[in-house]
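Geometric and topological summary
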Amino acid sequence: MYDIWVLVALGGVGVVAGFVDAVAGGGGLITIPALLWAGLPPLGAIATNKAQSIVGTTMAAWTYWRKGYVSILSLVPSIGAAFAGSLLGAVIVKQVDTSALEVLIPVAVIAVALYFTFSPSIKDIDGVARLKFPTFVPVFALVIGFYDGVFGPGTGSFLMLAFVALFGLSAARASAHTKILNVTSNLAALLFFIIAGDVVWPVAIVMAGGQVIGGYLGAVTGIRYGARIIRPLVIVVSIILAVKLLFFP
């Protein structure tokens, strides 16, 4: 049984993490340390984080969709690909050595931060697509979904980069599409945690309530301010994630 004030604090963490995640991704950088601080074992913290964060991501995705920033119909093949990739990754993660990713992924995340810092293509209007959306988005969804099932950190950053750099989406529309695929890949992994009984439900439910608020406010903020807030937040989150992976694995 958790102290009421611990649960209240975790609910507040859910609000903040949901806001950050809806705008730029990386909410787990806030929630995982908080869950460990609250006394959850590492596996329980990861499982509970998935359970609560998917609520905020869903709220953000729904808000972006309701405002017309994403078409679910156009993403149906990609949603299926992301789910299949994440499911496959979750199944085989215990059979492969992921130690190399601990070095490679921070480098890739830093590259994302540098792109969002210096690229002139990150705007509030759509640019020119370098690849055909219907053909290649499902491919990227499959690959990044697989990565999410195997390792996870940086998934949102990689999706944002793909939607902006390769498919020419505006900052807000890229964030909207990222949230849809994030929900999908997280759901596949979460099913495994639920079946295994790893989710600490009282904590997950309280934090999910905060995530609903934070996810909605973050999506509305991303829509209102666009690249002015999405660009700096993606850069900051990417740098913090890279430092965390490199120096605090």
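Please read all numbers here as calculations on a predicted model, not as lab measurements. (Residues numbered from 1 in each chain as written. Predicted model: local features only at pLDDT ≥ 70, side-chain atom pairs only at ≥ 80, totals over all residues. Heavy atoms only, no water.)

1. What to know about the overall build of the protein
- Within the protein, the secondary structure is distributed over 10 helices and 0 strands.
- Its helices and strands taken in sequence order, the protein reads α-α-α-α-α-α-α-α-α-α from the N to the C terminus.
- On C-alpha atoms alone, the protein measures out to a radius of gyration of 17 Å, which is about the 18 Å that the 2.2 N^0.38 rule sets for 249 residues.
- Overall size of the protein, expressed as C-alpha extent along the three principal axes, is 55 × 40 × 35 Å.
- A burial count over the protein gives 49% of its 249 residues as buried.
- When contacts within the protein are restricted to residue pairs at least 6 apart in sequence, those whose partners lie at least 24 apart make up 83%.
- Carbon together with sulfur atoms contributes 75% to the accessible area of the protein, which is approximately 11500 Å² in total. (Helix = DSSP H or I, 4+ residues; strand = E, 2+ residues; numbered from the N terminus. Rg over C-alpha atoms; globule rule 2.2 N^0.38 Å. Buried < 20%, exposed > 50% of the residue type's maximum accessible area, 1.4 Å probe, protein only. Contact = heavy atoms within 4.5 Å. Areas by Shrake-Rupley, 256 points an atom, 1.4 Å probe, with all protein chains shown as cover.)

2. Comments concerning the UniProt feature "transmembrane region" (unreviewed entry) in the protein
- With numbering matched to this structure, UniProt assigns "transmembrane region" (unreviewed entry) to residues 28–48, 69–93, 99–119, 131–150, 156–175, 187–209 and 229–248.
- Taken end to end, residues 28–48 is 81% helix and 0% strand, and its two terminal C-alpha atoms sit 11 Å from one another.
- Helix makes up 95% of residues 229–248 and strand 0%. Its end C-alpha atoms lie 27 Å apart. (UniProt positions renumbered as here; feature names shortened; annotations may be inferred.)

3. Examining the nonpolar core
- Ranked by internal contacts, the top residues of the largest apolar core, which has 55 residues, are Phe 116, Phe 158, Phe 163, Val 199, Ile 230 and Val 234.
- Dropping the residues within four chain positions of it, Phe 163 is found in contact with Phe 133, Val 137, Gly 168, Leu 169, Ala 174, His 177, Thr 178 and Leu 181.
- Judged by nonpolar contacts, the second largest core, of 10 residues, contains Leu 7, Leu 10, Ala 38 and Ala 45. (Core = buried A, V, L, I, M, F, W, Y, C linked by side-chain atoms within 4.5 Å.)

4. Brief notes about the packing of aromatic side chains
- The final tally for this structure, using the stated rule, is 7 aromatic pairs.
- Between Tyr 147 and Phe 158, the ring centres sit 5.7 Å apart and the planes meet at 65°, which makes this aromatic pair edge-to-face. One end of the pair, Tyr 147, is in helix H6 (residues 133–150); the other, Phe 158, is in helix H7 (residues 155–166), with 11 residues separating them in the sequence. With respect to burial, Tyr 147 and Phe 158 carry one shared label: buried.
- Centroid distance Phe 163 to Phe 167: 6.1 Å. Interplanar angle 50°. Geometry classified as tilted. No difference in accessibility class separates Phe 163 from Phe 167, as the two residues are buried.
- Every member of this aromatic cluster is reached through a ring pair, and the members are Phe 133, Phe 140, Phe 163 and Phe 167. (Phe/Tyr/Trp six-rings, centres within 6.5 Å; stacked < 30°, edge-to-face > 60°.)

5. Looking at the side chain of Asn 49
- Mapped onto the fold, Asn 49 is located in helix H3 (residues 42–66).
- Apart from the residues within four sequence positions on either side, Asn 49 is in contact with Gly 28, Thr 31, Ile 32 and Leu 35.

6. Considerations on the side chain of Gln 211
- On the secondary structure map, Gln 211 appears in helix H9 (residues 201–225).
- Among the polar contacts listed, one links the side chain of Gln 211 to the side chain of Gln 52, at a separation of 2.9 Å.
- Setting aside its immediate chain neighbours within four residues, Gln 211 contacts Gly 14, Val 15, Ala 17, Gly 18, Thr 31, Gln 52, Ser 53, Gly 56 and Tyr 216. (Polar contact = N/O pair within 3.5 Å; in protein donor to acceptor, adjacent residues only side chain to side chain.)

7. Quick look at the packing of H6 against H7
- Running from N to C, H6 and H7 point in directions that differ by 165°, and their axes come no closer than 10 Å. The orientation of H6 with respect to H7, classified from their angle, is roughly antiparallel. Both H6 and H7 take part in a crossing whose hand is right-handed. On the side of H6, the interface is formed by Phe 133, Val 137, Phe 140, Ile 144, Tyr 147 and Asp 148, while H7 contributes Thr 155, Phe 158, Leu 159, Ala 162, Phe 163 and Leu 166. (Axes fitted to C-alpha atoms, helices over the stretch in contact; angles between N-to-C directions. Parallel < 35°, antiparallel > 145°, perpendicular 65-115°, else oblique. Left-handed = near helix turned anticlockwise from the far one by under 90°.)

8. Concerning a nonpolar patch on the surface
- On the surface, a cluster of nonpolar side chains totalling about 830 Å² of accessible area is made up of Ile 110, Leu 114, Phe 118, Ile 239, Val 243, Leu 246, Phe 247 and Phe 248.
- Of all the secondary structure elements, the ones that give two or more residues to the nonpolar patch are helix H5 (101–118) and helix H10 (227–247).
- Among the elements that make up the nonpolar patch, the one with the highest residue count is H10 (4 residues).
- Considering the arrangement of structural elements, one finds Phe 248 in the segment after H10.
- For Phe 248, a relative accessible area of 56% corresponds to the exposed category. (Patch = residues over 30% accessible without salt bridge, like charges linked within 9 Å, V, L, I, M, F, W, Y side chains within 5 Å. Salt bridge = Lys/Arg side-chain N within 4 Å of Asp/Glu carboxyl O.)

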